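# Descriptive structure summary
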Amino acid sequence: TDFKSDKQPTWCPGCGDFGTMNGMMKALANTGNDPDNTFVVAGIGCSGKIGTYMHSYALHGVHGRALPVGTGVKMARPDIEVMVAGGDGDGYSIGAGHFVHAVRRNVDMTYCVMDNRIYGLTKGQASPTSRSDFETSTTPEGPKQPPVNPLALALASGASFIAQSFSSDAMRHAEIVQKAIEHDGFGFVNVFSPCVTFNDVDTYDYFRDSLVDLQEDEDHDPTDYEAAKEVILDADKEYQGVMYQDENSVPYHEQHGVTEDMSEIPDGAPEDAMDLVREFY
Ligand code: SF4
């Protein structure tokens, strides 16, 4: 697609991040976006490299801080499509506080978390979503604590859109991300993106065999909060699809009347904002 840059990804062959990124690019194209109006923000981790591999405006930021940067971009330019990407370590550990607040502010951006349940870039330590008995070099007997349920965390924080997808289910993943982009508010998608190098438990086969698609459950109504809660808190099954969507969601910039391009330097401000920075330092 137009969103593919000419940089060759250095992800391990077979990494789930390829499929996650492809679906994001497809969803952006399907929603009529183009590289000129798209800003991708990423944190640190294997997932953090995505801004280099996508052809759009991008910022590869600090560990766990992608969401505040995305919020800033959206507040300055509400007309721009903001996609934020990260991993389970980046988003649910060091970035967990930012996650809660971005969710409750309902900033109109899409957040795709490439959840492989491990720290891949640092060579295989337990992450916030690792199973309690997942053995790694730093947790030889497993982390011995229950994993974070990111969907429940989002629901408890007041999310207006909660979904989950699987990078290998290409069409479905792109479709779910597309719904997140089209949502008026914070579109959160937890994407299972297997780490083929360091995680031999949460594999492609595991997700292929165990994921239940909500599309096949005609009774599931994502606008029904109680139904969403049931699916999200189900300890026996893992689902893909849109779990919850608040149809009356009003994005943060609309709640606060930020409707214009705020990137222009306002009257009375120094002509060159950098002068102010230089003066300060
Ligand atoms: Fe992907 Fe894991 Fe390799 Fe990182 S270490 S690129 S997550 S397979």
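Below, the structure is looked at part by part.

Reading the values: rules and limits
- Residues numbered from 1 in each chain as written.
- Predicted model: local features only at pLDDT ≥ 70, side-chain atom pairs only at ≥ 80, totals over all residues.
- Heavy atoms only, no water.
- 1 Å grid on protein atoms, 1.4 Å probe; cavity = no way out; pocket = protein on both sides within 12 Å on 5 of 7 lines; lining within 4 Å.
- Points joined across faces, edges and corners; volume = space filled by probe spheres on them.
- Helix = DSSP H or I, 4+ residues; strand = E, 2+ residues; numbered from the N terminus.
- Nonpolar A, V, L, I, M, F, W, Y, C, P; charged D, E, K, R; others polar.
- Near = heavy atom within 4 Å.
- Phe/Tyr/Trp six-rings, centres within 6.5 Å; stacked < 30°, edge-to-face > 60°.
- Buried < 20%, exposed > 50% of the residue type's maximum accessible area, 1.4 Å probe, protein only.
- Pairing = 2+ DSSP bridges.
- Axes fitted to C-alpha atoms, helices over the stretch in contact; angles between N-to-C directions.
- Contact = heavy atoms within 4.5 Å.

## So, the layout of surface pockets
If you add up the space inside the largest pocket, you get close to 380 Å³. Along its surface, the largest pocket is lined by 21 residues, and Arg117, Asn149, Asp234, Lys237 and Glu238 are the ones closest to its centre. For the lining of the largest pocket, the element with the most residues is strand 8 (residues 238-245), which contributes 3 residues. Residues belonging to the lining of the largest pocket are distributed by class as follows: 10 nonpolar, 4 polar and 7 charged.

## Examining the site of the ligand
Residues in contact with the ligand, as listed here, are Trp11, Cys12, Cys15, Cys46, Asn116, Gly120, Cys195, Val196, Thr197 and Phe198. For the shell around the ligand, the residue count by class is 7 nonpolar, 3 polar and no charged.

## Overview of the packing of aromatic side chains
Tallied over the entire structure, the rule returns 12 aromatic pairs. A centroid spacing of 5.3 Å and a plane angle of 85° characterise the contact between Trp11 and Phe18, whose relative ring orientation is edge-to-face. Look at Phe18 and you get partly exposed, because its relative accessible area is 26%. Of the aromatic side chains, those joined through ring pairs into one cluster are Tyr92, Phe99, Tyr111, Phe186 and Phe188.

## A word on empty space enclosed by the protein
The final tally for this structure, using the stated rule, is 1 cavity of 30 Å³ or more. Forming the walls of the largest cavity are Gly64, Arg65, Ala66, Leu67, Asp90, Gly91, Gly95, His98, Phe99 and Tyr111. Elements with a minimum of two residues in the lining of the largest cavity: helix 3 (66-76), helix 4 (88-94) and helix 5 (96-105). A breakdown of the residues in the lining of the largest cavity according to their chemical character gives 4 nonpolar, 4 polar and 2 charged.

## Observations regarding the sheet that holds strand 5 (residues 161-166)
One open sheet accounts for 8 strands, arranged 2-1-3-4-6-5-8-7; its pairing is mixed. Both outer strands of the open sheet, strand 2 (57-60) and strand 7 (211-213), are each paired with one neighbouring strand and no more. This sheet shows a mean twist of 20° between the axes of neighbouring strands, independent of strand direction. With 6 bridges joining them, strand 4 (residues 110-115) and strand 6 (residues 187-192) adopt parallel strand pairing. Bridged to Met114 within strand 6 is Val191. Contacting strand 3 (81-87), strand 4, strand 5, strand 6, strand 7 and strand 8, helix 7 (residues 170-182) runs over the sheet at an angle of about 160° to strand 5.

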